[in-house]
Amino acid sequence: MNPTLLLLLTLLVGLEISFTSVIWANVVIIAIAIVVMLRYRVHWLTFVRLLLIPLIPAVGIWFSIRYFSTAHSVHFAWVMSTRIYAYAFLGGLFNAATTTNATLASLEQNGHIPTTFVYGMLGAFNFVPKIHSEVAIIRASARMRGVNLHFWSPQLLFKAIVAALNWSENLAEAMTSHGFTENAQRTHLKVLRISIRDYVVAGITLVVLQFILFSHLP
Amino acid sequence: MEQDTHSNRWHLRDVILMSIVAIFMGIIFFVTGFLYNGLTLLLTPFGMAPFANDILLGLWTMAGPLAAYMIRKVGAATIGEILAAAVEAVIGGQWGPSTLISGFIQGFGSELGFTATLYRRYDLFSLTLSALTTTIVTFIWDLVRSGYGAYHLWLIIALFITRLLSTWIFGALLVSGITKLLDRSHLLDHRNA
């Protein structure tokens, strides 16, 4: 499916289950996500991660709703726990179905996000490994002077921002000198379109979701 | 809308700067994920798990006020927080695209604080105001999304106060600490000239 449409669809589904409390809707979303992820042959470790990471917040909210909600509702406790899993699996589905680059490219062409944002973010993502090592360097050099920088130290973030200021100037100049013009009309080697099939699939998904949400299921 | 001193357009270097800062914070706060899970685990036996979210919320909402202070444009806090959320979703946050919804709501909340000063004040006062609006807006959202509305009133009030303290400590005090260092370094002067 086209990444922009998929993003909109997952956001809409996520929003709707935030405002309704139907356990079955959450369960069906999780099941569909698992089927889609199996089709994309997602590594089994991803499933383990998706099952384990939300476990703590899901159990935590179950107990607090059970004991401290005005109604002590077991039903609502399950709604909240499955909702947390539904969010996580919606994320898993999205990650399995597309890549960051494909999503950004589609957001530019189909979502009409300004190119400055799309290419600015693409450029910044290439710095991820450098940023990792920069954080390590800042902390190591502070430790050499006998200073321990914690994540709440203003100095740590200040030094990170100084590095970010330098890099962003350099990268922006480099991109401009390579011919990038802010928000100029661009031509595309690969033209992305949203197919009718995608619209149909998205439409059916939403209709089925409304059916589940509003047919008095638990 | 005042546009006398400089334009409100986002330039390439602003976008890259905020994205890189967001990645930095993402990596520094990667620990927060563990903190959150650890705290939740600790609080679950008492049924107090939601406090983990409210104690740490200030960390997640720091990108907004920081962006507002550094870029000083209308919409800077909102766009900065959305960028941070997008970065979090990309580098492997556990909530996927729904992070974007939270990012928008948190950013919009921070934005209101600066809107209230008509984007003229950038100091502890506007940061505090922004912490207050962030707390109110995100709390209304959590009344629905995280089921806070179902709790007893005393718990709702306790959660609200916890969240207000957290956003103030991280979003106002810590951000003001960072920006004081930035002001002393004069690195932002030519950008906001």
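Quantities reported herein were computed from a predicted structural model and do not represent experimental measurements.

With that settled, consider helix α3 (residues 50-60) of chain B. Of all eleven residues in α3 of chain B, nine are buried; the element is thus mostly enclosed. For α3 of chain B, the full list of buried residues reads P50, F51, A52, N53, D54, L56, L57, G58 and L59 of chain B.

Time to look at the confidence of the model for chain A. A residue-level look at chain A finds 100% of positions with pLDDT of 70 or above and a mean pLDDT of 89. Within chain A, helix α2 (residues 23-39) of chain A carries the highest mean pLDDT (94), whereas helix α4 (residues 55-68) of chain A carries the lowest (85).

Moving on, we come to the domain arrangement of chain A. Residues and elements named next belong to chain A. With domains assigned, chain A is organised as domain 1 (3-110 + 191-213) and domain 2 (115-177). Taken together, the contact pairs four residues of domain 1 with five residues of domain 2. Between domain 1 and domain 2, the buried area comes to about 430 Å², and carbon and sulfur atoms account for 78% of it. Here domain 1 and domain 2 share zero salt bridges between them. Tallied by class, residues from the side of domain 1 that touches domain 2 come to one nonpolar, two polar and one charged.

A few words now on the packing of aromatic side chains. Taken as a whole and judged by the stated rule, the model has 16 aromatic pairs over all chains. Ring plane angle 20° and centroid distance 5.2 Å describe the contact between F127 of chain A and W167 of chain A, whose orientation is recorded as stacked. Taken as a pair, F127 of chain A in the loop between α7 (115-125) and α8 (128-144) and W167 of chain A in helix α9 (residues 154-177) lie far apart in primary sequence, 40 residues in all. Relative to F24 of chain B, the ring of W167 of chain A lies with its centre 6.0 Å away and its plane at 15°, an arrangement referred to as stacked. Separated into two different chains, W167 of chain A in helix α9 and F24 of chain B in helix α1 (residues 12-28) make up a pair that spans both. Looking at W167 of chain A, the relative accessible area reads 10%, which means it is buried. The class of F24 of chain B is buried, set by a relative accessible area of 1%. Feature note: the residues W62, F63, Y67 and W78 of chain A constitute an aromatic cluster, connected by ring pairs. Cation over ring: R39 of chain A sits above Y40 of chain A, and NZ or CZ is 5.7 Å from the ring centre.

There is a patch of nonpolar side chains on the surface, built from L124, L153, I157, I161, L165, W168, I169 and L173 of chain B and spanning about 710 Å² of accessible area. Relative to the helices and strands, L153 of chain B resides in helix α8 (residues 153-185).

Each value, and the rule that gives it
- Residues numbered from 1 in each chain as written.
- Chains lettered and ligands numbered in written order.
- Predicted model: local features only at pLDDT ≥ 70, side-chain atom pairs only at ≥ 80, totals over all residues.
- Heavy atoms only, no water.
- Buried < 20%, exposed > 50% of the residue type's maximum accessible area, 1.4 Å probe, protein only.
- Helix = DSSP H or I, 4+ residues; strand = E, 2+ residues; numbered from the N terminus.
- pLDDT = per-residue confidence, 0-100.
- Domains from an automatic or database assignment.
- Contact = heavy atoms within 4.5 Å.
- Buried area = accessible area lost by both parts, 1.4 Å probe.
- Salt bridge = Lys/Arg side-chain N within 4 Å of Asp/Glu carboxyl O.
- Nonpolar A, V, L, I, M, F, W, Y, C, P; charged D, E, K, R; others polar.
- Phe/Tyr/Trp six-rings, centres within 6.5 Å; stacked < 30°, edge-to-face > 60°.
- Lys NZ or Arg CZ within 6 Å of the ring centre and 35° of its normal.
- Patch = residues over 30% accessible without salt bridge, like charges linked within 9 Å, V, L, I, M, F, W, Y side chains within 5 Å.
- Areas by Shrake-Rupley, 256 points an atom, 1.4 Å probe, with all protein chains shown as cover.

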